[in-house]
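Observations on the three-dimensional arrangement
The primary structure of each chain is shown beneath.
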Amino acid sequence: MGVILTEAIAVLAEADLPLHYREITERILQRGAWHTNGKTPEATVNAQLAVSIKNLGAESPFERAGPGIYRLRSDADVPENHSNDGQSVVDTDNALSAEDDPPRKTLSFTDATEQVLVRFSNKSPMHYRDITKKILSLNLVVTHGRTPEATLYSQVLTEIERSNRRGDTPRFVRHGRGYIGLTKWNQQGLQHQVNQHNAEIKASLREQLLEMHPADFEVLIGQLLDEIGFTDVIVTDQSGDGGIDVRGTLVVGDVIRTSMAVQVKRWKRNVQAPTVQQVRGSLGTHDQGLIITTSDFSSGAKAEAARPNATPVALMNGEQLVNLLALHQIGVDRTEMFLLDLSVQEPAE
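Residues numbered from 1 in each chain as written. Predicted model: local features only at pLDDT ≥ 70, side-chain atom pairs only at ≥ 80, totals over all residues. Heavy atoms only, no water.

Before going further, it helps to examine the overall build of the protein. Across its full length, the protein holds 11 helices and 13 strands. A buried classification covers 38% of the 349 residues belonging to the protein. Sequence separation of 24 or more characterises 61% of the internal contacts of the protein that already satisfy a separation of 6 or more. (Helix = DSSP H or I, 4+ residues; strand = E, 2+ residues; numbered from the N terminus. Buried < 20%, exposed > 50% of the residue type's maximum accessible area, 1.4 Å probe, protein only. Contact = heavy atoms within 4.5 Å.)

Laid out in structure tokens, this is it:
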């Protein structure tokens, strides 16, 4: 928990009554544990209190007592020592919201880019520097980097590349000289034909998966897991292992190793919650679960997979499966298309 929320707990505990966020801010500053160069410290405090309530719900130590007024929940954990050990924290950020309403959720650079293009470009490409300025002026992204323009441009180009590798239609189009547009503005011509072709190939691949023999499908999944970072992949005996079809170890950065038990479902109907429960019941002491299906998951299955205080079970639906197969060229061959672009490309700074 950050210093602002910790100090807010102390202030409310000492007051033993609800306070407006402006009064909370004044008392926090008087305590000397937090200093800010921002012009609206009250809004910063209000924003953090509102985010705590929004994100944590009943788990937040705070609750609203009225517009802009907060109090501690009756069961809030209040530290005995409110002094913060005499340490002082300086905050140089301005707040995102100066009103009583909860602040808007900040976005990734790519999502914010799409929003700016939709709202302000009149369906014309914008330069990445102009997009960045608009994003920052609207507080759509919070960043402490010194070159946000370069970060934005790099992330947009990376997303385009990854989408192309998967055979998906990218959200963005690079027009050269640092200009970016949205693909949906120009869904025609050769690029549109390529996108349609890729969609048809993916649909065909999905149909082929449904027609595969179950044992062959499990072997295919084992091959895919090998490609995406698993080691020691073993397709288990169909007659046992508690319904687990494939086992392997997911390795991240040669540091994190997670034993995964995988069940595959070559289904047309959605996977339901009891299947998630079955997989969880088949896990060993140190296992985590993964269900891969050619269909999708019901809302109940998704909720069960993410149930608090239970062993997590990851879910991969048919669309994600086909995208990964296409990305790693399993069952499909990729042919590169080169389009002549005579414009000068401006690199990110």
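Now for helix α3 (residues 41-56). Its 16 residues place the ends of α3 22 Å apart at the C-alpha level, agreeing with the 22 Å of an ideal helix rising 1.5 Å per residue. Residues Pro41, Ala43, Thr44, Val45, Asn46, Ala47, Leu49, Ala50, Ser52 and Ile53 constitute the buried set of α3. Taken from the residues just after α3, Gly57 is the one with a positive phi, measuring 60 degrees. (Expected span 1.5 Å × (residues − 1).)

The subject of this paragraph is the pairing of strand β13 (residues 313-316). Judged from the 4 bridges that link them, strand β12 (residues 287-293) and β13 form a sheet pairing that is parallel. Each residue of the ladder has a partner; that of Leu290, found in β13, is Ala314. On the question of chirality, the crossover connecting β12 to the parallel β13 by way of helix α10 (residues 299-305) is right-handed. (Pairing = 2+ DSSP bridges. Right-handed = clockwise from strand over helix to strand, strands pointing away.)

Within the structure shown, the criterion is met by 10 salt bridges. Notably, a salt bridge pairs Arg280 with Glu304, separated by 2.5 Å at the nearest N-O pair. One end of the pair, Arg280, is in helix α9 (residues 273-281); the other, Glu304, is in helix α10, and 24 residues separate them in sequence. Using a relative accessible area of 12% as the deciding quantity, one classes Arg280 as buried. (Salt bridge = Lys/Arg side-chain N within 4 Å of Asp/Glu carboxyl O.)

Taken together, the 5 strands give an open sheet; going across it, the order is β9-β10-β11-β12-β13, and neighbouring strands pair in mixed fashion. Pairing within the sheet leaves two strands with one partner each, and these edge strands are β9 (230-235) and β13. The average undirected angle you get between the axes of adjacent strands in this sheet is 25 degrees. Judged from the 7 bridges that link them, strand β11 (residues 256-265) and β12 form a sheet pairing that is parallel. Note that in β12 the partner of Ser259 across the bridge is Asp287. (Axes fitted to C-alpha atoms, helices over the stretch in contact; angles between N-to-C directions.)

Attention now goes to the nonpolar core. In terms of nonpolar packing, the biggest core is built from 20 residues, with Ile24, Ile28, Val45, Leu49, Phe62 and Tyr70 touching the most fellow members. Counting only elements with at least two residues in this core, the list comes to α1 (3-15), α2 (21-31), α3 and β4 (69-72). No other element matches the 8 residues that α1 contributes to this core. Beyond its immediate stretch of four places on either side in the chain, Tyr70 contacts Leu12, Pro18, Leu19, Tyr21, Ile24, Asn46, Leu49, Ala50, Ile53, Glu63, Arg64 and Ala65. If you look at the next biggest cluster of nonpolar residues, it comprises 19 residues, including Leu220, Leu225, Val262 and Val322. (Core = buried A, V, L, I, M, F, W, Y, C linked by side-chain atoms within 4.5 Å.)

Mean pLDDT over the protein stands at 80; residues scoring 70 or higher make up 80%. Scored below 50 in pLDDT, residues 81-90 shows 20 contacts in the model against residues more than four places distant or in partner chains. Note on residues 92-104: pLDDT is under 50 here. Beyond four places in sequence and across chains, it has 36 contacts. (pLDDT = per-residue confidence, 0-100.)

A few words now on the sheet that holds β4. Pairing is antiparallel across the open sheet formed by 3 strands, whose spatial order is β1-β4-β3. Strands at the two margins of the open sheet, each flanked by one partner only, are β1 (19-20) and β3 (62-66). As judged from the 4 bridges shared by β3 and β4, these two strands associate in the antiparallel manner. Within the sheet, the bridge partner assigned to Arg64 lies in β4 and is Tyr70. In the packing of α1 onto the sheet, contacts are made with β1, β3 and β4, and the angle to β4 comes to roughly 80 degrees.

Our next topic: α1. In this model, α1 (13 residues) spans 18 Å end to end at C-alpha, consistent with the 18 Å of a helix rising 1.5 Å per residue. Of all the positions in α1, only Val3, Ile4, Leu5, Glu7, Ala8, Ile9, Ala10, Val11, Leu12 and Ala15 are classed as buried. After α1 finishes, the residue Asp16 shows a positive phi value of roughly 55 degrees.

Right, let's talk about the packing of aromatic side chains for a bit. Counted by the stated rule, this structure contains 1 aromatic pair. Ring centres of Tyr128 and Tyr153 lie 4.2 Å apart, and the angle between their planes is 15 degrees; on these two criteria the pair is classed as stacked. Of the two residues, Tyr128 is situated in helix α5 (residues 128-137) and Tyr153 in helix α6 (residues 148-166); the sequence distance between them amounts to 25 residues. Like Tyr128, the residue Tyr153 is buried in the burial classification. Here Lys134 stacks its cationic end above the ring of Phe120, 4.6 Å away from the centre of that ring. Note that Arg269 overlies the ring of Trp267, its terminal NZ or CZ placed 4.0 Å from the centroid. (Phe/Tyr/Trp six-rings, centres within 6.5 Å; stacked < 30°, edge-to-face > 60°. Lys NZ or Arg CZ within 6 Å of the ring centre and 35° of its normal.)

This part takes up unusual backbone geometry. Positive phi values are uncommon outside glycine, yet Asp232 reaches one of about 55 degrees. Positionally, Asp232 belongs in strand β9. The class for Asp232 is exposed, based on a relative accessible area of 55%. The phi dihedral of Gln329 falls on the positive side, at around 55 degrees, and the residue is not glycine. Position of Gln329 relative to the elements: it lies in the segment after α11 (318-327). Look at Gln329 and you get partly exposed, because its relative accessible area is 39%.

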